[in-house]
Amino acid sequence: MEYLLMIHADPAGLQRLRDAERSTALSAYTAYTEALQQAGVLRGGNRLRTADMATTVRVRDGKTELLDGPYAETREQLGGYYLIDVSDLDAALAWAARCPGASHGAVEVRPVWSACES
């Protein structure tokens, strides 16, 4: 079953780190990604640009509304994700606990609802 691991963190947190600390943090993500690949569960994943680069789209009464920047004002933002395919929720939660983002933010685990399912 596929699960999306969504990494929420304070985007300024990485910027506050010294170069050596930032390098260590990024190396932890590289190692985590490699572990997912070696286990054969990784289906995809990426970092996201900061929310101030986002555009939110809504359609209300047939009119398209565009909002530059994040929709919600919050300190933590969605900063990246991993799509994994594992046997069950317990396995997904175990992988989420190993994600470096869980130690400095939060990792939301959500099952993927296939378009073929009702």
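Because the structure is a prediction, the values reported are computed rather than measured.

## As for the sheet that holds strand S1 (residues 2-9)
Part 1 of the argument: The antiparallel open sheet is built from four strands, whose spatial order is S2-S5-S1-S6. Only two strands of the sheet have a single partner each, and these edge strands are strand S2 (42-47) and strand S6 (106-111). For this sheet, the mean inter-axis angle between neighbouring strands, taken without regard to orientation, is 20°.
Part 2 of the argument: Two strands pair when backbone bridges link them, and S2 and strand S5 (residues 77-85) are joined in this way by five bridges, in the antiparallel orientation.

## Quick notes on the packing of aromatic side chains
Part 1 of the argument: Summed over the entire model, instances satisfying the criterion amount to two aromatic pairs.
Part 2 of the argument: On the basis of an interplanar angle of 80° and a centroid distance of 5.1 Å, the ring pair of Tyr-32 and Tyr-82 is categorised as edge-to-face. Highlighted residues: Tyr-32 in helix H2 (residues 19-39) and Tyr-82 in strand S5, separated in sequence by 50 residues. Just as Tyr-32 is buried, Tyr-82 falls in that class too.
Part 3 of the argument: On the basis of an interplanar angle of 65° and a centroid distance of 6.1 Å, the ring pair of Tyr-32 and Trp-95 is categorised as edge-to-face. One end of the pair, Tyr-32, is in helix H2; the other, Trp-95, is in helix H3 (residues 89-98), and 63 residues separate them in sequence.

## Examining the confidence of the model for the chain
Part 1 of the argument: With 95% of its residues at a pLDDT of 70 or more, the chain shows a mean pLDDT of 89.
Part 2 of the argument: Between the elements of the chain, mean pLDDT differs from a low of 77, seen in helix H1 (residues 11-16), to a high of 97, seen in H3.

## A few points about the environment of Leu-78
Part 1 of the argument: If you trace the backbone, Leu-78 turns up in strand S5.
Part 2 of the argument: Spatially, the C-alpha atom of Leu-78 lies 5.8 Å from that of Ile-7, the residues being 71 residues apart in sequence.

## Considerations on unusual backbone geometry
Part 1 of the argument: Despite not being glycine, Asp-61 has its phi angle at roughly 55°, a positive value.
Part 2 of the argument: Structurally, Asp-61 can be placed in the loop between strand S3 (55-60) and strand S4 (63-68).
Part 3 of the argument: Classification of Asp-61 as exposed rests on a relative accessible area of 82%.

## Considerations on the nonpolar core
Part 1 of the argument: Within the largest apolar cluster, 16 residues are counted, with the highest numbers of intra-cluster contacts made by Leu-5, Tyr-82, Ile-84 and Trp-95.
Part 2 of the argument: Broken down by element, this core gets its largest block of residues, four residues, from H2.
Part 3 of the argument: With residues near it in sequence (within four places) discarded, Leu-5 still touches Tyr-32, Gly-80, Tyr-81, Tyr-82, Ile-84, Ala-92, Trp-95, Ala-96, Val-107, Glu-108 and Val-109.

## Digging into the environment of Ser-114
Part 1 of the argument: Mapped onto the secondary structure, Ser-114 falls in the segment after S6.
Part 2 of the argument: On a C-alpha basis, the gap between Ser-114 and Met-1 in space is 9.9 Å, while along the polypeptide they are 113 residues apart.

Analysis parameters
- Residues numbered from 1 in each chain as written.
- Predicted model: local features only at pLDDT ≥ 70, side-chain atom pairs only at ≥ 80, totals over all residues.
- Heavy atoms only, no water.
- Pairing = 2+ DSSP bridges.
- Helix = DSSP H or I, 4+ residues; strand = E, 2+ residues; numbered from the N terminus.
- Axes fitted to C-alpha atoms, helices over the stretch in contact; angles between N-to-C directions.
- Phe/Tyr/Trp six-rings, centres within 6.5 Å; stacked < 30°, edge-to-face > 60°.
- Buried < 20%, exposed > 50% of the residue type's maximum accessible area, 1.4 Å probe, protein only.
- pLDDT = per-residue confidence, 0-100.
- Core = buried A, V, L, I, M, F, W, Y, C linked by side-chain atoms within 4.5 Å.
- Contact = heavy atoms within 4.5 Å.

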